[in-house]
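Survey of secondary and tertiary structure
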Amino acid sequence: MSELGGGNCFPRLLLGVNVGLALVEGIVAFVALFQLLRIHLRNQELGWTRQKVFHVLIGSSNLGYFVYLVLALFAACNGWRCWSDSCGFIFMAFPKILFFAAFLLLLSFWVDLCHQPDDDDDYEGSFIEEALLEKTSHANLANIDSHRKCFPVRLSRIGYRQKLVILVTLLLFIIMMAFAVIIWIGLGENPIDSEVASRVYLDLSAIAMVLLGAALACYGILLYLKMRKVRAEQPSSEMWKVAGLTIVSVLCFVSSSCVELLTDIPLLYHWHQWPLNDIYASLLLVLYYFVGSSLPSAVVLWVMRELPPAEASNVQEESRTLTFVADSSVATHNPQRWTTTTSMQNQASRASPI
């Protein structure tokens, strides 16, 4: 880094923007992982709740972007040849998949809520079923907790749509590695163009993000309208969280996808191959990384900032890890039960809309 602004290093403005974006991504990752630790220490008997999974995905995604931006600076200044090829591509694509998986998981829960009256029989992890589990005897609870210590993730309690999210995420990782291999092969004497392969991957990634944003918009509106039917203080606050998260997600996803489709900013790991306007490139970098990743991640963390209740009420929290997942969905079908659920919620932490 001693060759600041010289040689193969980034221009001074781009270097400053990259350092700033790396710091922001690092801060968001630290907050997510620190909050994950607080949640785990507050109630260790719950195992992998939905709230913990969201924090892991958000924290890992932003940590991946932080590592990528830092390595991009060192690679540019030290002339790492591998970085301009498949290595930089892998570090660029990996955190984007984790970010996509986090919001795809959010979408799966919103779909469950919107279609719960039709899917209760098929959904193994039914939120109403989880609410009824609160009445389980203490002997059975002790037995469940002993099993969770050995097997913290139970596939039988994972919903059908959440299993699809896992499969889609694994498929995306396989596709990403396949493109990385194609890019590496294209470096040799063959008709494969590595830059075209990278461009195709970015276009597919942008289209997937636009579709995810559109789906979040549709189901966010449906969930908002469904929550309006419950006339109580808690749903009123929660539906604004759903509305805010929907708006932020759509705007951020569309803006970052436009950068992917119309520019080569995501391929900045071999920036030296193109002439760049420093101010123009810096603005696009902020739009792509800060608006497209850091901002929606921060909104999710803000929505999920409430800690779960203490271990004494660990079973009740299992049905409230997501906002409006257990209590609010039951209240939607039976508004008269809302007074009972509200009294239970007063003793627990506030739910989050995801």
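In this text the structure is predicted, and so the values were computed from the model without any measurement.

1. Considerations on helix H8 (residues 194–228)
The first and last C-alpha atoms of H8 sit 51 Å apart over 35 residues, in line with the 51 Å expected at 1.5 Å per residue. Structurally, the start of H8 carries an N-cap: the backbone nitrogen of Glu 195 is 3.0 Å from a side-chain oxygen of Asp 193.

2. Looking at the packing of helix H7 (residues 160–185) against H8
Put simply, H7 and H8 touch, their axes get as near as 8 Å, and they point 160° apart. Compared by their axis directions, H7 and H8 come out roughly antiparallel. In the packing of H7 onto H8, the handedness of the crossing is left-handed. On H8, the residues that touch Met 176, Phe 179, Ile 182 and Ile 183 of H7 are Ser 194, Ala 197, Ser 198, Val 200, Tyr 201 and Leu 204. Here the contact of H7 with H8 is built from residues that sort into eight nonpolar, two polar and no charged.

3. Side note on the nonpolar core
One finds Phe 103, Leu 212, Leu 216 and Phe 253 to be the most contacted residues of the largest nonpolar core, which totals 37 residues. When residues of this core are traced back to their parent elements, those giving at least two are helix H1 (12–42), helix H2 (50–78), helix H3 (86–114), H8, helix H9 (233–262) and helix H10 (278–303). It is H3 that contributes the most residues to this core, 14 residues altogether. Within the second largest apolar cluster, 34 residues are counted, among which are Tyr 65, Ala 93, Met 176 and Ala 197.

4. Thoughts on the confidence of the model for the chain
Mean pLDDT over the chain works out to 75, with 69% of the residues at or above the 70 mark. This model gives residues 118–144 a pLDDT under 50, and the stretch forms 44 contacts once residues within four places in sequence are excluded. Contacts of residues 312–353 to residues separated by more than four positions or lying in other chains number 100 contacts, the stretch itself having pLDDT below 50.

Calculation notes
Residues numbered from 1 in each chain as written. Predicted model: local features only at pLDDT ≥ 70, side-chain atom pairs only at ≥ 80, totals over all residues. Heavy atoms only, no water. Helix = DSSP H or I, 4+ residues; strand = E, 2+ residues; numbered from the N terminus. Expected span 1.5 Å × (residues − 1). Polar contact = N/O pair within 3.5 Å; in protein donor to acceptor, adjacent residues only side chain to side chain. Axes fitted to C-alpha atoms, helices over the stretch in contact; angles between N-to-C directions. Parallel < 35°, antiparallel > 145°, perpendicular 65-115°, else oblique. Left-handed = near helix turned anticlockwise from the far one by under 90°. Contact = heavy atoms within 4.5 Å. Nonpolar A, V, L, I, M, F, W, Y, C, P; charged D, E, K, R; others polar. Core = buried A, V, L, I, M, F, W, Y, C linked by side-chain atoms within 4.5 Å. Buried < 20%, exposed > 50% of the residue type's maximum accessible area, 1.4 Å probe, protein only. pLDDT = per-residue confidence, 0-100.

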